[in-house]
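Commentary on secondary and tertiary structure
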Amino acid sequence: MGKQYMETKNGYGQVGGKEEDVLIVRNMKKYFPTKTKGSFVKAVDDISFSVRFGEVIGLVGESGSGKSTTAYVVMGMHNLTAGSVFFRGQDISMPVSKRSLSLKRDLKIVFQDPGTSLNPQRNIGNILSLPLKVHKIVPQNEVFEHAGKLLQMVGLTPETIYKYPRSLGGGERQLVAIARALATNPTMMVLDEPTSSLDVSIQAKIINTLIDLQKQFDMSYLFITHDMSLMRNIADRIAIMYLGRIVEMSPTKDFFLNPQHPYTKMLLSSIPVVLDAEKALKPEKIESRGEIPSPVNIPAGCRFNSRCPYAYDLCRSSEPIMREFLPDHEVACHLC
Ligand code: SF4
């Protein structure tokens, strides 16, 4: 099972991206109205980034930073408030109900909780057969056999097709969800905290399976997580979200060796390390001050200023924009 198409030059330049970009997000905003007239939860507030073919992007942030909302907008499960999303050169800024079958085949999501994403009334064979039939991946008489192969690809036995989700453990259910996403040979997967609802003992197996599949099929991943240390061995680039904005984005190696944004340093300094080599690379300790402010009342100026030990007058009046600090390494901070 591999990619069945050739890449074409089809308008990447028109959206300000590059030919190697599979996903381009431009000035994305997602606001949710509150009960108070004229007031909004600004869950995602003007972010831009791209994902290259075969690349893994780690989108990291605390709870409430807007990272999962970003994933849902990319998937068309939330409508955009403003901005645009392009996938393989095509504008996909539309709800999932208006998306083409080929787009639904090519861009898949794995949710955080496999317990709610798998239909409890259907056995695993039927669950995996559905995308194979809808997208005509294999002839009708090969569907069940192919479902068994998909299960083997994620480390489960083909006999799992006869089981129901309730008889599987959480890790096995998530592997089935990954097999279902894999069924249509997607170019890209959005992974929304795929291990955070699972026991620590099973998390490594899921992560290793995802890494193997990404390499084997050269897929792109947009990997949503709050666990920065997880991204060290998975992501090609990491983007840090804070209160609806991306505040730093860089190649992973540069990110851990040379973090720039005070919020990034705060997150990195809170990761426990064991090895002396890791201790040497750990940035200076930045204490977390206070809680993340409400996305309804975003602070004026830099939205991190209420928690930043380096904040000065300019930070309270002017919001910093993303600037390239090093090649491919962008930061939004007045000090950088
Ligand atoms: Fe801190 Fe100011 Fe930089 Fe914001 S712009 S992170 S408040 S130093």
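As the structure is a computational prediction, the values presented were derived from the model and not from experiment.

Conventions we followed
- Residue numbers restart at each chain and count upward from 1, following the sequence in its written direction.
- Confidence filtering applies because this is a predicted model: local features only for residues at pLDDT of at least 70, side-chain atom pairs given and counted only at 80 or more, and all residues used for totals across whole chains, interfaces and linings.
- Where side-chain values are given, they derive from all heavy atoms of the structure, hydrogens and water being excluded.
- Numbering of helices and strands runs from the N terminus; a helix is a DSSP stretch of H or I covering at least four residues, while a strand is a stretch of E covering at least two.
- Here's how the labels work: a residue is buried when its accessible area is under 20% of the maximum for its type, exposed when over 50%, partly exposed in between, all with a 1.4 Å probe on protein chains only.
- Contact criterion: two residues are considered in contact whenever any of their non-hydrogen atoms come within 4.5 Å of each other.
- Pairing of aromatic rings covers Phe, Tyr and Trp, the last through its six-membered ring, and needs centres within 6.5 Å; plane angles under 30 degrees mean stacked, over 60 mean edge-to-face, and all others mean tilted.
- Throughout this description, the term charge over a ring refers to an Arg CZ or Lys NZ atom that lies within 6 Å of the ring centre and within 35 degrees of the ring normal.
- Patch members must show over 30% relative accessible area and no salt bridge, and they are joined within 9 Å when carrying like charges or within 5 Å when they are nonpolar side chains of Val, Leu, Ile, Met, Phe, Trp or Tyr.
- Throughout, the Shrake-Rupley method with a 1.4 Å probe supplies accessible areas, and for residues the shown protein chains are the sole cover considered.
- We count a salt bridge whenever a side-chain nitrogen from Lys or Arg sits within 4 Å of a carboxyl oxygen from Asp or Glu.
- What makes two strands pair is DSSP finding at least two bridges between them.
- Where helices are involved, their axes are fitted lines through C-alpha atoms of the stretch in contact, as for all axes, and angles between N-to-C directions lie from 0 to 180°.
- What we call a nonpolar core is a set of buried Ala, Val, Leu, Ile, Met, Phe, Trp, Tyr and Cys residues that are connected through their side-chain atoms within 4.5 Å.
- The nearness test applies per residue and asks whether one of its heavy atoms lies within 4 Å of the molecule or strand.
- Residues are grouped as follows: Ala, Val, Leu, Ile, Met, Phe, Trp, Tyr, Cys and Pro are nonpolar; Asp, Glu, Lys and Arg are charged; every other residue, Gly included, is polar.
- We call two N or O atoms a polar contact when they sit within 3.5 Å, provided that within protein one can donate a hydrogen and the other can accept it, with sequence-adjacent residues counted only if both atoms are side-chain atoms.

Looking only at helices and strands, one finds 12 helices and 12 strands in the protein chain. For the protein chain, the proportion of its 336 residues judged to be buried stands at 50%. Within the protein chain, residue pairs in contact and separated by at least 24 positions form 63% of the contacts whose partners lie at least 6 positions apart.

This structure, assessed with the given rule, holds six aromatic pairs. Ring geometry for phenylalanine 255 versus phenylalanine 256: centroids 5.6 Å apart, planes at 75°, classification edge-to-face. Neither residue differs from the other here; phenylalanine 255 and phenylalanine 256 are each classed as buried. Members of the aromatic cluster, each reached through a chain of ring pairs, are Tyr242, Tyr263 and Phe304. Here the basic side chain of arginine 166 rests over the ring of tyrosine 164, its NZ or CZ set 5.1 Å away from the ring centre. Across from the ring centre of phenylalanine 256, 4.2 Å away, lies the NZ or CZ of arginine 232, which sits over that ring.

A contiguous nonpolar surface patch, about 350 Å² in accessible area, is contributed by Tyr310, Tyr312, Leu314 and Leu335. Mapped onto the elements, tyrosine 312 comes out in the loop between helix 11 (276-281) and helix 12 (313-317).

Excluding glycine, most residues fall at negative phi; most peptide bonds, likewise, are trans. Despite not being glycine, glutamate 193 shows a phi value in the positive range, around 50°. On the basis of relative accessibility, which here comes to 9%, the residue glutamate 193 falls in the buried class.

In this section: the sheet that holds strand 12 (residues 329-331). Taken together, eight strands build an open sheet; the order of strands is 6-7-8-3-9-10-12-11 and the sheet is mixed. The open sheet terminates on both sides in strands that have one partner only, identified here as strand 6 (107-110) and strand 11 (323-326). Here the strands of the sheet are splayed against their neighbours by 20° on average, with no regard to which way each runs. As judged from the five bridges shared by strand 3 (residues 56-60) and strand 8 (residues 220-225), these two strands associate in the parallel manner. Counterpart to glycine 58 in the pairing with strand 8 is phenylalanine 223.

Here the focus is the nonpolar core. In globular proteins that are soluble, nonpolar side chains generally tend to be buried together. Counting 58 residues, the largest nonpolar core has Met228 and Ile240 as the members making the most contacts within it. Looking at this core element by element, the count peaks at seven residues for helix 6 (residues 170-182). The residues touching methionine 228, leaving out its near neighbours within four places in the chain, are Val60, Ile240, Phe255, Phe256, Thr264, Leu267, Leu268 and Ile271. Within the second largest apolar cluster, 28 residues are counted, among which are Val44, Val51, Met75 and Ala239.

This paragraph deals with the site of the ligand. Neighbouring the ligand are 13 residues; Cys302, Cys308, Cys315, Cys333 and His334 lie closest to it. Partitioned by chemical class, the residues of the shell around the ligand number 10 nonpolar, three polar and no charged.

Quick look at the pattern of salt bridges now. Taken as a whole and assessed by the stated rule, the structure comprises 11 salt bridges. The partner of glutamate 193 in a salt bridge is lysine 67, and the shortest N-O contact between them spans 3.6 Å. Of this pair, glutamate 193 sits in the loop between strand 7 (188-192) and helix 7 (200-217) while lysine 67 sits in helix 1 (residues 67-74); the two residues are 126 residues apart in sequence, bridging distant segments of the chain. Residues joined by salt bridges that share partners form a network here, namely Asp45, Arg245, Arg303 and Glu319.

Note on placement: glutamate 55 falls in the loop between strand 2 (40-52) and strand 3. At 2.9 Å, the side chain of glutamate 55 forms a polar contact with the backbone nitrogen of arginine 52. Apart from the residues within four sequence positions on either side, glutamate 55 is in contact with Ser50, Met219, Ser220, Tyr221, Asp236 and Arg237.

Once that is clear, we can look at the pairing of strand 11. By the bridge criterion, three bridges tie strand 11 to strand 12 in an arrangement that is antiparallel. Residue pairing across strands places leucine 326 opposite histidine 329, the latter belonging to strand 12. In this antiparallel pair of consecutive strands, strand 11 and strand 12, the connection spans two residues, and aspartate 328 shows a positive phi of 75°.

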